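Coordinate analysis (summary)
Read off the chains here:
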Amino acid sequence: MNLTGKTIVLTGASSGLGAEAARLLSARGAALHLVGRDEKRTRAIGEELHAPTYTADFTSLSQTRNLAARLALAVPNIDVLALNAGGVMPPRLTDDGIDASFQANALAPWLLMTQLAGQLRTGRVLLTNSRSHNNAVLPLYNLAATLAGEPRVSGHRTYARAKLAAGVLLREFHRRNPDVDAGDFHPGIIASDFGRYMGRTGSLLKTAARPFIGTPRQGAERLMELATRQQPLDGAYFVHTRRAKGSVQLHSQELGTALWEAADRATRCPAGPA
């Protein structure tokens, strides 16, 4: 597979699945723009692959907007936007007043995607999702409470709710931008630092699940296959690289519209002084 001439923006590229995906895509000639939260690790993978890097913390909307502005200037045409960043976050509200897990996994990726719609044109957006989204439910009304992390549930259930929201917003983006292909996938349970915020619980779960955990390389191969597949993803959800059912809420246009409006309100720049 020769990806020479293809421009790919990859978030969550500094470690784990993202770093391995960057290596695979680079080896096939893609022109990469790598985004990570940790400046040192992101710079290291960029130097290894001779690719430009950008750092941003998705729990900060101002950093996400700045990232989008920098990418819009640097990359006039994006063939693939791979939204791979995310993870289980500690329970807290960000400085933007939004649940940290919801912001990092749903709102910030949505903000980046919408800000780069002009650069995507006829490109593709691939979102790294989680099968856990099937166990979540989003209310059609009072989404403001959901953005604030209410009702309070466990960290993993909050993450599942955020991933469901990310999938809903992705499909609403696809409806509003039909020339941009879109899809999301569950890469499998991957042995990485994904659950680092879960502390001892995360360590115990990872140990118990070790026989069933895939490697970052396996997850990266799945990301690359879907990111570069010739056939359109057409709003589908995949487990590994096969189409799967996913939550029925993923395709709810009514929920998509309501969540889009809530996301727009939550991420809107505050008005400056009069």
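Residues numbered from 1 in each chain as written. Predicted model: local features only at pLDDT ≥ 70, side-chain atom pairs only at ≥ 80, totals over all residues. Heavy atoms only, no water.

**Some thoughts on the sheet that holds strand β8 (residues 242-244)**
What counts is decided by this rule: Whether two strands pair comes down to DSSP finding at least two bridges between them. A run of H or I in DSSP becomes a helix once it reaches four residues, and a run of E becomes a strand once it reaches two; helices and strands are each numbered from the N terminus. Note on definitions: angles span 0 to 180 degrees between N-to-C directions of axes, and those axes are lines fitted to C-alpha atoms, for helices only across the stretch in contact. Whether two residues touch is decided by their heavy atoms; if any such pair falls within 4.5 Å, the residues are in contact.
Taking strand neighbours across the sheet as the criterion, the eight strands line up as β3-β2-β1-β4-β5-β6-β7-β8 in an open arrangement whose pairing is mixed. Taken across any chain shown, the strands that pair with only one partner, and hence form the sheet edges, are β3 (53-55) and β8. Ignoring strand direction, the axes of neighbouring strands in this sheet form an average angle of 25 degrees. By the bridge criterion, three bridges tie strand β1 (residues 7-10) to strand β4 (residues 80-83) in an arrangement that is parallel. Its bridge partner being in β4, Ile-8 is matched across the sheet by Val-80. Where helix α3 (residues 61-74) meets the sheet, its contacts fall on β1, β2 (31-36) and β3, and the angle it forms with β3 comes to roughly 165 degrees.

**Observations concerning the pattern of salt bridges**
Heads up, the rule is: Here, a salt bridge means any Lys or Arg side-chain nitrogen found within 4 Å of an Asp or Glu carboxyl oxygen. Three exposure classes are used, based on accessible area relative to the maximum for each residue type with a 1.4 Å probe and protein chains only: buried under 20%, partly exposed in between, and exposed over 50%.
A complete count under the given rule lists twelve salt bridges for this structure. In this structure, Arg-217 and Glu-221 form a salt bridge, with 3.4 Å as the shortest nitrogen-oxygen distance. Note that Arg-217 and Glu-221 are positioned in helix α9 (residues 216-228) at a spacing of four residues, about one turn of the helix. We classify Arg-217 as partly exposed; its relative accessible area is 41%. A salt bridge links Arg-268 to Asp-264; the nearest nitrogen and oxygen atoms lie 2.6 Å apart. Residue classification places Asp-264 among the partly exposed residues on the basis of a relative accessible area of 33%.

**Quick notes on the environment of Lys-163**
By secondary structure assignment, the location of Lys-163 is in helix α7 (residues 155-176). With a relative accessible area of 2%, Lys-163 lands in the buried category. With 156 residues separating them in the primary sequence, Lys-163 and Thr-7 have C-alpha atoms 26 Å apart. Residues contacting Lys-163, with those up to four places away along its chain left out, are Ala-85, Asn-105, Thr-128, Asn-129, Ser-130 and His-133.

**Focus on the packing of helix α1 (residues 16-27) against α9**
We apply this condition: Throughout this description, any angle smaller than 35 degrees is read as roughly parallel, any larger than 145 degrees as roughly antiparallel, any in the 65 to 115 degree range as roughly perpendicular, and the remainder as oblique. The hand of a helix crossing depends on one turn: near helix anticlockwise from the far one by less than a right angle means left-handed, and clockwise means right-handed. Any residue outside Ala, Val, Leu, Ile, Met, Phe, Trp, Tyr, Cys, Pro, Asp, Glu, Lys and Arg is labelled polar, Gly included; the first ten of those are nonpolar and the last four are charged.
Close contact between α1 and α9 brings their axes to 8 Å; oriented N to C, the two are set at 55 degrees. Compared by their axis directions, α1 and α9 come out oblique. Note on packing geometry: the crossing formed by α1 with α9 is right-handed. Residues Gly-16, Leu-17, Glu-20, Ala-21, Leu-24 and Leu-25 of α1 pack against Pro-216, Arg-217, Gly-219, Ala-220, Glu-221, Leu-223, Met-224 and Thr-228 of α9. The residue makeup of the contact of α1 with α9, split by class, is eight nonpolar, three polar and three charged.

**Considerations on α1**
We apply this condition: One less than the residue count of a helix, multiplied by 1.5 Å, gives the span that helix is expected to have.
Under the 1.5 Å per step criterion, the end-to-end length of α1 is 17 Å for twelve residues, consistent within 8% with the ideal 16 Å. Every buried residue of α1 is accounted for by Leu-17, Gly-18, Ala-19, Glu-20, Ala-21, Ala-22, Leu-24 and Leu-25. On its buried face, α1 is in contact with β1, β2, α2 (39-49) and α9.

**A closer look at the nonpolar core**
The tendency in soluble globular proteins is for nonpolar side chains to be buried side by side. Just so we agree on the cut-off: Buried Ala, Val, Leu, Ile, Met, Phe, Trp, Tyr and Cys residues form a nonpolar core when they are joined through side-chain atoms within 4.5 Å.
Counting 54 residues, the largest nonpolar core has Leu-71, Leu-81 and Val-125 as the members making the most contacts within it. Taken together, the elements giving at least two residues each to this core come down to α3, β4, α4 (100-115), β5 (124-128), α6 (143-147), α7, β7 (237-239) and α10 (253-267). It is α4 that provides the largest number of residues to this core, a total of ten residues. In contact with Leu-81, not counting residues within four places along its chain, are Val-9, Met-113, Leu-116, Leu-120, Arg-124, Val-125 and Leu-126.

**Concerning the environment of Arg-65**
Here is the rule we go by: Here a polar contact is taken to be a pair of N or O atoms separated by no more than 3.5 Å, where protein atoms must pair a possible hydrogen donor with a possible acceptor and residues adjacent in sequence count only if both atoms sit in side chains.
By secondary structure assignment, the location of Arg-65 is in helix α3. In the structure, Arg-65 is positioned 204 residues away from Cys-269 in sequence and 9.4 Å away in space, judged by C-alpha atoms. With residues near it in sequence (within four places) discarded, Arg-65 still touches Leu-111, Thr-267, Arg-268 and Cys-269. Separated by 2.4 Å, the side chain of Arg-65 and the backbone oxygen of Thr-267 make a polar contact.

**Focus: the pairing of strand β6 (residues 181-186)**
Most of β6 is tucked away, with six of its six residues classed as buried. Judged by which residues are buried, β6 turns out to be covered on both faces: Asp-181, Gly-183 and Phe-185 on one side and Ala-182, Asp-184 and His-186 on the other are all buried. As defined by bridge partners, β5 adjoins β6 across five bridges and the pair is classed as parallel. In the sheet register, Arg-124 faces β6, and the bridge partner there is Asp-181. Pairing geometry for β6 and β7, over three bridges, is parallel. Each bridged residue has a counterpart across the sheet, and for Asp-184 the counterpart in β7 is Tyr-237.

**Observations regarding the side chain of Asp-99**
Within the fold, Asp-99 resides in the loop between β4 and α4. A polar contact is formed between the side chain of Asp-99 and the backbone nitrogen of Phe-102, at a distance of 3.0 Å. Once residues lying within four places of it in the same chain are set aside, the contact partners of Asp-99 are Arg-92, Leu-93, Thr-94, Leu-147, Ala-148, Gly-149, Arg-152 and Thr-158.

Bear in mind that shape data such as this cannot, by itself, settle questions of function.
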